[in-house]
Amino acid sequence: MTFNLSVSPDFAPDHISGWYFFNTWLQRTLDIGIHLELYDSFEAQRKDIRADKFDLIYANPYDASMLVRELGFQAVAKPASQPDETIIAVNAESDFHSVEDLTVGCRVATTDDPDVHTMGMIMLESADLDSSNVEIKQHSSYVVGAKNLLNGDADVGFFLKDAYEELSELIRSRMRVLVGSEISVVHHSLLVGPRMAEYIPALQTALLTMQDDEKGKGVLESMGITSWEPMDAEQTEFMIDLIDTLID
Amino acid sequence: MSEQDTGEMRTVEIAYFDGTKRTAAIVDREVPYPDGKLIVSRTDPQGVITHANQAFIDMSGYCESELIGAKHYILRHPDMPAVAFKDLWDTIGRGEKWNGYVKNLCKDGSYYWVKATVIPNIRNGQLVGYTSVRRKPSRRKIEESEVLYKTLLAEE
């Protein structure tokens, strides 16, 4: 039997090959067949998640809620010291210096990344802004969102912090961070579906010692992860409860 | 800091719904809510704090060991009407999410405003506690809440 692995579409383009290396490492370690399928759209991936296509997913916190509570997935690990944080950025020459400077009609460049969009909108609340009084334009990637800021087509842009930091030096030098979230406890996690549940103990053991051998360490580096940390059911439920409080 | 803050100090006896009371020094000084932070806490079903994140510790002025094991009402400011908390408990008691604006009391008697959301934590069909997440409210919402709570408090 071949299992199916997918990755939340918000991974950095530089790490695409890393996920293929990870898939090869997983197959050799667990001695099973795994097919990796990557997406550039959250919506398309979510459709396939609902169609029960996957057995193993590196999921963003928003999708983790559906995977765990509706589809019976279990979290086995999370990347060490890599919380998901959101940045609201402006053009470096913008007159906006705090969220409270933003006004009704503000043009927002966002993506279909659900966590980042939700957190970005929450950070606008202190200026009395919400989806009813701002102009939201969804872009296909953070790079396209950044370009909109730079050419003056948007007033603010929402970015996953990691993705913002991986934008080119040239792009970042022409932008300024207005505000960044400091949540700390919301993060991506590796989730295993019911069909693959029997492999959880072996998978968890392999993941938690992955950084100890040269090959595993190299794979982690290519994915932009230093090491994995264990994640139990209650930690996962706590994170999902927290996400639930943020969704209206 | 609110434009109406005077920095004045007063001593107030705060009575809680469970019949307990405490005398607290109240200072009319607002602690600004930091941008981008979320205050997160969890309680057991009786409202006893079981988890507090760093933002909660920083804003409340209590250390973690003082918060864990304390009733969540340790944060109740005397300017908050009891009816607001009754609505909270009625709502989460029905298993629903509660949202509201709350003036919280710091350990040193100063205060901070939050937009709070509380949800019941259900595990295997059983209520095991509540998660509360607080975020930065807008100035307009704070001003509206101040007027509303003054009216409600006067009616109590």
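About the criteria used
Residues numbered from 1 in each chain as written. Chains lettered and ligands numbered in written order. Predicted model: local features only at pLDDT ≥ 70, side-chain atom pairs only at ≥ 80, totals over all residues. Helix = DSSP H or I, 4+ residues; strand = E, 2+ residues; numbered from the N terminus. Rg over C-alpha atoms; globule rule 2.2 N^0.38 Å. Buried ≥ 20, exposed ≤ 12 C-beta atoms within 10 Å, placed from the backbone. Contact = placed C-beta atoms within 7 Å. Domains from an automatic or database assignment. Nonpolar A, V, L, I, M, F, W, Y, C, P; charged D, E, K, R; others polar. Pairing = 2+ DSSP bridges. Axes fitted to C-alpha atoms, helices over the stretch in contact; angles between N-to-C directions.

Novice: How would you summarise the overall build of chain A if you had to cite specific residues and measurements?
Specialist: The helix and strand tally for chain A stands at 10 helices and 11 strands. In summary, chain A has a C-alpha radius of gyration of 19 Å against a globular reference of 18 Å for 248 residues, a match within 12%. Counting over 248 residues, chain A shows a buried share of 43%. Taking as baseline every contact in chain A between residues at least 6 positions apart, the subset at least 24 positions apart corresponds to 81%.

Novice: So what's going on with the domain arrangement of chain A? Residues and values would help.
Specialist: All names here are of chain A. Along its sequence, chain A is organised into domain 1 (2-82 + 185-246) and domain 2 (86-180). The straight-line distance from the C-alpha centre of domain 1 to that of domain 2 is 28 Å. Of the residues lining the interface, 11 residues belong to domain 1; the matching set on domain 2 comes to 10 residues. Taken together, the elements giving at least two residues each to the side of domain 1 that touches domain 2 come down to helix H2 (42-50) and helix H3 (61-69). When the residues that make up the side of domain 1 that touches domain 2 are grouped by side-chain class, the tally is six nonpolar, two polar and three charged.

Novice: Which residues make up the interface of chain B and chain A, and what values do they have?
Specialist: Taken together, the contacts link 18 residues of chain B with 20 residues of chain A. Secondary structure elements with two or more residues in the side of chain B that touches chain A: strand S6 (111-123) and strand S7 (126-135) of chain B. Ranked by residues supplied to the side of chain B that touches chain A, first place goes to S6(B) with five residues. Along the lines of polarity and charge, the residues of the side of chain B that touches chain A split into five nonpolar, six polar and seven charged.

Novice: I'd love a proper account of the sheet that holds S7(B), names of residues and values included.
Specialist: Residue and element names in this part refer to chain B. Overall, antiparallel pairing links the five strands, which are arranged S4-S3-S7-S6-S5 in an open sheet. Only two strands of the sheet have a single neighbouring strand rather than two, namely strand S4 (49-52) and strand S5 (98-105). Along the sheet, successive strands turn relative to each other by an average axial angle of 30°, direction set aside. With respect to the sheet, helix H3 (residues 82-93) is in contact with S5, S6 and S7, its orientation differing from that of S5 by roughly 140°.

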